[in-house]
Amino acid sequence: MNSYQVKDFARQCGADLVGIADLALLDGIQTEPVDLLKGYRRAVSIGVRLADGVLDAIEDRPTPIYQQHYLKTNLLLDDIALRVSQYIQARGSKTLPIPASQLLDKENWTSYISHKAVAIAAGLGWQGKSLLVISQDFGPRIRLATILTDAAIKPDHPQKNRCGRCSLCSDACPVGAIKNVNTSSHYSSRDEAIHFDRCLARVLENSSRPFIESPICGVCIRACPWGKTRKRKVKEFEQPLNFRS
Ligand code: B12
């Protein structure tokens, strides 16, 4: 089994993005439990693209359809992670699929491991000013999951940051949570990039709005120019058809 086969299988299962992280790059990262990565060498990072129609309808708050899309995308990611885990395990390596969105510590708002850190190490994208992983093809319009493995498959490399002087996510945030600070690789803490208390208060407020039950938002995702459907692609579908009646 090589990395190409694992990636190909993940894509067949529905992943839109897949990369392999060398866990040596994540040495010392915060995990729950602290020895979560012990015995593992690589992490398969998978990304599932969100629907533009759902995101483009977001103005200053999440919509009921984004709430459902969020839940269904998490289920799809967990399903793909399980299948990839089974594929690798059947070929003799140990695996641990990490759920897309399971909160473990509600005081510090943390999970088993940061899927974003894994995705950055696996080259899926860079860490944007919003703290989100921005991929070249889909921008932050992706959700992520991770499969840890002891298989010594070939790792990918991190990408360079391409946010530059753009401040659209920061300008769009309804509570001014994004500080508009750049990073060349990744932020050392979330407070370096955002006013975490403002972001958290906003997503919690959102979770009590009608038909919204999760701490979600989506405004900074929608604002990012990376991943917005390009006009060129749209035009391909808009070519007039030469039908004669
Ligand atoms: C808890 C949680 C929240 C909390 C706290 C968010 C936060 N910033 O930590 C709340 C409820 C506020 C929240 C909000 C949102 N969330 Co949230 N959330 C999570 C969850 C479940 C756990 C995150 C966690 O443990 N953070 C802990 C901190 C300490 O980790 P960290 O900030 O990522 O990175 C640390 C280290 O890892 C290190 N680091 C970071 N990158 C790298 C890279 C390398 C190479 C290294 C060495 C280290 C390193 O530096 C940091 C300090 O230690 C994850 C799922 C998951 N398991 O990852 C989703 C997740 C991060 N959320 C996500 C999203 C989309 C959102 C929202 C947009 C809401 C929404 N869906 O509409 C907002 C965005 C808020 C923001 N701008 O950060 C996505 C991000 C997808 C993407 N494209 O990046 C995730 C990955 C869920 C998923 N399955 O896709 N979220």
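Above this text is the structure in question.
One structure accompanies this document, and this report is about it. On a predicted model such as this, the values are computed, not experimentally measured, just so you know. Numbering of residues starts from 1 in every chain and runs along the sequence as written. Residue-level local features of this predicted model are given only where pLDDT is at least 70; pairs of side-chain atoms are given and counted only at 80 or more, and the full residue set underlies all totals for whole chains, interfaces and linings. Each side-chain value is derived from all of the structure's non-hydrogen atoms; neither hydrogens nor water enter the calculation.

### Focus on the overall build of the chain
Secondary structure summary: the chain contains 9 helices and 6 strands in total. The buried label applies to any residue whose accessible area, calculated with a 1.4 Å probe on protein chains only, is under 20% of its type's maximum; exposed applies above 50%, and partly exposed to all values in between. Counting across all 245 residues of the chain, residues that qualify as buried make up 47%. Within the chain, contacts between residues separated by at least 24 positions form 72% of all contacts whose residues are at least 6 apart in sequence. Summed over all atoms, the accessible surface of the chain reaches about 13,300 Å², with 50% contributed by carbon and sulfur. Here the chain contributes 33 positively and 25 negatively charged side chains, and the mean placements of these two sets differ by 6 Å. We count a stretch as a helix when DSSP gives it H or I for four or more residues in a row; a strand needs E for two or more, and each element gets its number in order from the N terminus. Contacts are assigned to residue pairs with any non-hydrogen atoms lying within 4.5 Å of each other. Note on areas: Shrake-Rupley, 1.4 Å probe, and residue coverage restricted to the protein chains presented here. Here Asp and Glu are counted as negative and Lys and Arg as positive; His is not counted, and neither are the chain ends. For this purpose, a charge sits on NZ of Lys, CZ of Arg, CG of Asp or CD of Glu.

### As for empty space enclosed by the protein
Put simply, the grid is 1 Å and covers the protein atoms alone, a cavity is a trapped set of points that fit a 1.4 Å probe, a pocket is an open set with protein on both sides within 12 Å along at least five of seven lines, and lining residues have an atom within 4 Å of a point. Grid points are joined across faces, edges and corners, and a volume is the space filled by probe spheres set on the points. Tallied over the entire structure, the rule returns 1 cavity of 30 Å³ or more. In this structure, the largest cavity occupies an estimated 110 Å³ of space. As for the largest cavity, its lining consists of 13 residues, of which Cys 163, Cys 166, Cys 169, Cys 224 and Pro 225 are closest to the centre. Of all elements in the fold, only helix 5 (168-172) and helix 8 (219-223) reach the threshold of two or more residues within the lining of the largest cavity.

### Concerning the packing of aromatic side chains
Put simply, two rings from Phe, Tyr or Trp (the six-membered ring, in Trp's case) pair if the centres are within 6.5 Å, and we call them stacked under 30 degrees between planes, edge-to-face over 60, tilted for the rest. Under the defined criterion, the tally for this structure stands at 2 aromatic pairs. An angle of 20 degrees between the planes, with centres 4.3 Å apart, marks the rings of Phe 9 and Tyr 87 as stacked. Of this pair, Phe 9 sits in helix 1 (residues 3-12) while Tyr 87 sits in helix 3 (residues 64-90); the two residues are 78 residues apart in sequence, bridging distant segments of the chain. Charge-over-ring placement is defined geometrically: NZ (Lys) or CZ (Arg) within 6 Å of the ring centre, and within 35 degrees of the ring normal. A cation sits over an aromatic face here: Arg 91 above Tyr 87, 3.7 Å from the ring centre. For the cation-ring pair, Arg 190 lies above Phe 196, with the distance from its terminal atom to the ring centre recorded as 4.0 Å.

### So, the nonpolar core
Working definition of a nonpolar core: buried Ala, Val, Leu, Ile, Met, Phe, Trp, Tyr and Cys residues. They are joined through side-chain atoms within 4.5 Å. Among the nonpolar cores identified, the biggest contains 24 residues, and Leu 55, Tyr 66, Ile 178 and Ile 194 are the most heavily contacted of them. Taken together, the elements giving at least two residues each to this core come down to helix 2 (52-55), helix 3, helix 7 (196-206) and helix 8. Not counting residues within four places of it along the chain, the set of residues in contact with Ile 194 comprises Lys 129, Ser 130, Leu 131, Ala 177, Ile 178, Lys 179 and Cys 199. Core analysis: the next-biggest nonpolar cluster, separate from the first, contains 23 residues, Leu 17, Ile 113, Ile 120 and Ala 122 among them.

### Describing the site of the ligand
One heavy atom within 4 Å of a molecule or strand makes the whole residue count as near it. Around the ligand there are 39 residues in total, and Tyr 66, Ser 114, Ser 130, Val 133 and Arg 190 lie nearest to it. In the model, a nitrogen atom of the ligand is placed 3.4 Å from a nitrogen or oxygen of the Arg 143 side chain. Any pair of N or O atoms that falls within 3.5 Å is considered a polar contact. Within protein, one atom must be able to donate a hydrogen and the other to accept it, and sequence-neighbouring residues count only if both atoms are side-chain atoms. At 2.6 Å, a side-chain N or O of Arg 190 approaches an oxygen atom of the ligand. For the shell around the ligand, the elements supplying multiple residues, two or more each, are helix 4 (115-121), strand 6 (142-149) and helix 7. As a working rule, the residues Ala, Val, Leu, Ile, Met, Phe, Trp, Tyr, Cys and Pro are called nonpolar, Asp, Glu, Lys and Arg charged, and the rest polar, with Gly in that last group. For the shell around the ligand, the class distribution of residues is 25 nonpolar, 11 polar and 3 charged.

### Some points on the sheet that holds strand 1 (residues 17-22)
Only strands joined by at least two bridges in the DSSP assignment are considered to pair. The strand order across the open sheet built from 4 strands is 1-2-6-3, with neighbouring strands paired in antiparallel fashion. Of all the strands in the sheet, the pair left with one neighbour each is strand 1 and strand 3 (95-98). Adjacent strand axes in the sheet meet at a mean angle of 20 degrees when their direction is disregarded. Pairing geometry for strand 2 (residues 42-49) and strand 6, over 8 bridges, is antiparallel. By the bridge assignment for strand 6, Arg 49 is matched with Ile 142. Helix 1 contacts strand 1 and strand 2 of the sheet and is inclined by roughly 145 degrees relative to strand 1. A fitted line through C-alpha atoms serves as each axis, taken over the contacting stretch for helices, and the angle formed by two N-to-C directions is quoted from 0 to 180°. Lying on the sheet, helix 3 is in contact with strand 2, strand 3 and strand 6; it crosses strand 6 at an angle near 25 degrees.

Geometry only, nothing functional implied.
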